[in-house]
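Residues per chain are reported as follows:
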Amino acid sequence: MAQEDFQYKLKVYIDSTVDKSAKTRQGALDGLKTAMATKILYEFISERRMTITDSIERCLKKGKGVEQCAAASLACLLCIQLGSGIESEEVFKTLKPVFKTILNDGAANIQARQACATSLGLCTLVAEDDIMDVYATMECFESLFTRSYVREDGSRPSVNPQTTQLHTNALLSWALLLTICTGSHIRVIAQKHLAKLPRLLENDNVNMRIAAGETIALLFELIRDVDPEFDYDGWEPLCEQLNALATDCNKHRAKTDKRKQRSVFRDVLKAVEEGDFQSETIRFATERMVIDSWVKKRTYDAFREFVGSGMNYHLQSNEFIRDVFELGPPMLIDSAALKAMKSSRLERHLYNAAAFKARTKARSKFRDKRVDVGEF
């Protein structure tokens, strides 16, 4: 009964995406987004994929800012649900021209353009079947973010914050597609952009600086995989620039921005200097996944942006996402077995208490040493 009620609600949402009221359409799009982000609905969606695609296309073409953003996000979630194959290719073939039209239209709503820049990148990764079309989409992104490059004479282009965010989204989508390029194309990209990307590190917007730094680290990782003897002429000035950002203490910048920037650029500097990556472990159910490269990080961040809090569920159950991260087929564990694997509340409490006690002792010793040094 619960399943039937849920499916009935989804059908109502699908029907409501063509309602006359913009508020109703917006609510329907948000409802479908939440459902697709938190559940696996392949069978239900597969039968209705073209109906949903038509609704998304209509909302992108005729809707206004917020509605267009919701429709663009829903397109990505639809492709994630369908996985890489003929079904998602059909969906993307319909929506790609609409995405590109909005993205390249300077008169279109800026939030809609930002959303299309992000959605076009992920949908291309999931559903594009021709690598030459991937390269064409990358060139579309290049035409946007290169407008934020500091000019060779040192002057900065006059770009408002909203447009800078559009260029940042385009850069991140370009970096995402970089992860699936061939070795020969990565050589071409490195030759064309590696000397110019550091110009974005001088941007006033912290998100652009961080996106540029992570893209540079990603490009170094990829080119070194293709050519282990790769040598970059501007390596020393780049390392100096990255080190300055990793230790930035300019008073005119917000504290949160500086903290965020320093943390990211310490890792970027390590990547450029030593080819190192600060690995991170993601735990979900009884499994774990190690993010041990910039390629994996960019891919994970791209999926998480759309799936949000449902990312762990998709890592556990979505065959396509598991295939992307090489996790193998989904593990079938019943709720009783899962409950048996979890530690009891008392065990967790005792463990936390012991850890707290040990941490307090260690800190007390450290404080005593600092007092001694001060007195000496």
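From a predicted model like this one, the values you see are computed outputs, not experimental measurements.

Asks: Even after reading the chapter, I still don't get the layout of surface pockets, so can you show me in this structure?
Replies: In this approach, a probe sized like a water molecule rolls over the atoms, and the result shows the empty space that is left. Its volume calculated, the largest pocket comes out at about 420 Å³. In terms of lining, the largest pocket is formed by 22 residues, of which the most central are Leu 172, Glu 214, Arg 298, Asp 301 and Glu 305. Put simply, the parts of the chain that give the lining of the largest pocket at least two residues each are α6 (110-127), α8 (161-178), α10 (206-226), α12 (255-274) and α13 (294-307). With seven residues, the top contributor of residues to the lining of the largest pocket is α13. Of the residues assigned to the lining of the largest pocket, the class counts are eight nonpolar, seven polar and seven charged. Mapped by element, the contributors of at least two residues to the lining of the second largest pocket are α6, α13 and α15 (319-324). The residue makeup of the lining of the second largest pocket, split by class, is seven nonpolar, five polar and four charged.

Asks: Is there a simple way to think about the packing of aromatic side chains in this case?
Replies: Two measures describe an aromatic ring pair: the distance that separates the ring centres and the angle between the ring planes. Evaluated as defined, the whole model comprises eight aromatic pairs. Arranged with centres 6.2 Å apart and planes meeting at 70 degrees, the rings of Phe 220 and Phe 230 form a pair that is edge-to-face. With Phe 220 in helix α10 and Phe 230 in the loop between α10 and α11 (235-246), this pair connects stretches of sequence that are ten residues apart. A residue is classified by how much of its surface remains accessible, and Phe 220, at 1% relative accessible area, is buried. The aromatic ring of Phe 6 is capped on one face by Lys 39, whose charged end is 5.3 Å from the ring centroid. Over the face of the ring belonging to Phe 44 we find Arg 48, whose NZ or CZ atom lies 4.0 Å from the ring centre.

Asks: Teacher, can you tell me more about a nonpolar patch on the surface here?
Replies: Among the surface-exposed residues, Ile 40, Tyr 42 and Tyr 313 lie close enough to one another that they form a single nonpolar patch of about 240 Å² accessible area. Tracing the sequence through the fold places Ile 40 in the loop between α2 (22-38) and α3 (42-62).

Asks: Can you help me understand the pattern of salt bridges in this one?
Replies: Opposite charge on two side chains permits pairing when their charged atoms draw close. A full pass over the atoms with the stated rule returns twelve salt bridges. Across the salt bridge formed by Glu 87 and Arg 49, the nearest N and O atoms sit 3.9 Å from each other. Taken as a pair, Glu 87 in helix α5 (residues 86-104) and Arg 49 in helix α3 lie far apart in primary sequence, 38 residues in all. When sorted by exposure, Glu 87 lands in the same class as Arg 49, which is buried. Its salt-bridge partner being Lys 297, residue Glu 214 comes within 3.3 Å of it at the nearest N-O pair. You can see Glu 214 sitting in helix α10 and its partner Lys 297 sitting in helix α13, a full 83 residues away along the chain. Residue classification places Glu 214 among the buried positions, given a relative accessible area of 18%.

Asks: Help me understand the packing of α6 against α8 in this model?
Replies: Two measures define how a pair of helices packs: the angle their axes make with one another and the distance between the axes. Look at α6 against α8: their axes get within 9 Å of each other, and the N-to-C directions meet at 0 degrees. Put simply, α6 runs roughly parallel to α8. Each of Ile 110, Gln 111, Arg 113, Gln 114, Ala 117, Thr 118, Gly 121, Leu 122, Thr 124 and Leu 125 in α6 lies in contact with α8, whose residues at this interface are Gln 162, Thr 163, Gln 165, Leu 166, Asn 169, Ala 170, Ser 173, Leu 176 and Leu 177. Its residues assigned to classes, the contact of α6 with α8 comprises eight nonpolar, ten polar and one charged.

Asks: How do you make sense of α8 when you look at a structure like this?
Replies: With 18 residues, α8 extends 25 Å from end C-alpha to end C-alpha; this agrees with the ideal 26 Å at 1.5 Å per step. Buried residues dominate α8, accounting for 13 of its 18 residues. With a side-chain oxygen lying 3.2 Å from the backbone nitrogen of Gln 162, the N-terminal cap of α8 falls on Asn 160.

Asks: What should I look at first to understand α5 in this one?
Replies: In an α-helix, one turn spans 3.6 residues, which is why side chains three or four residues apart end up on the same side. For α5, spanning 19 residues, the distance from its first C-alpha to its last is 27 Å, which sits close to the expected 27 Å at 1.5 Å a residue. Along α5, the helix axis deviates most sharply at Leu 95, where the bend reaches about 35 degrees; the proline Pro 97 sits within four residues downstream. For α5, every residue scored as buried is listed here: Glu 87, Ser 88, Val 91, Phe 92, Leu 95, Lys 96, Val 98, Phe 99, Ile 102 and Leu 103.

Asks: Sorry, what's going on with empty space enclosed by the protein here?
Replies: Applying the stated rule across the entire model yields one cavity of 30 Å³ or more. Listing elements by their share of the lining of the largest cavity, those giving two or more residues are α8, α10 and α13. For the lining of the largest cavity, the class distribution of residues is five nonpolar, one polar and four charged.

What counts, and where the lines are drawn
Residues numbered from 1 in each chain as written. Predicted model: local features only at pLDDT ≥ 70, side-chain atom pairs only at ≥ 80, totals over all residues. Heavy atoms only, no water. 1 Å grid on protein atoms, 1.4 Å probe; cavity = no way out; pocket = protein on both sides within 12 Å on 5 of 7 lines; lining within 4 Å. Points joined across faces, edges and corners; volume = space filled by probe spheres on them. Helix = DSSP H or I, 4+ residues; strand = E, 2+ residues; numbered from the N terminus. Nonpolar A, V, L, I, M, F, W, Y, C, P; charged D, E, K, R; others polar. Phe/Tyr/Trp six-rings, centres within 6.5 Å; stacked < 30°, edge-to-face > 60°. Buried < 20%, exposed > 50% of the residue type's maximum accessible area, 1.4 Å probe, protein only. Lys NZ or Arg CZ within 6 Å of the ring centre and 35° of its normal. Patch = residues over 30% accessible without salt bridge, like charges linked within 9 Å, V, L, I, M, F, W, Y side chains within 5 Å. Areas by Shrake-Rupley, 256 points an atom, 1.4 Å probe, with all protein chains shown as cover. Salt bridge = Lys/Arg side-chain N within 4 Å of Asp/Glu carboxyl O. Axes fitted to C-alpha atoms, helices over the stretch in contact; angles between N-to-C directions. Parallel < 35°, antiparallel > 145°, perpendicular 65-115°, else oblique. Contact = heavy atoms within 4.5 Å. Expected span 1.5 Å × (residues − 1). Polar contact = N/O pair within 3.5 Å; in protein donor to acceptor, adjacent residues only side chain to side chain. Bend = angle between axes of the 7 residues up to and from the residue.

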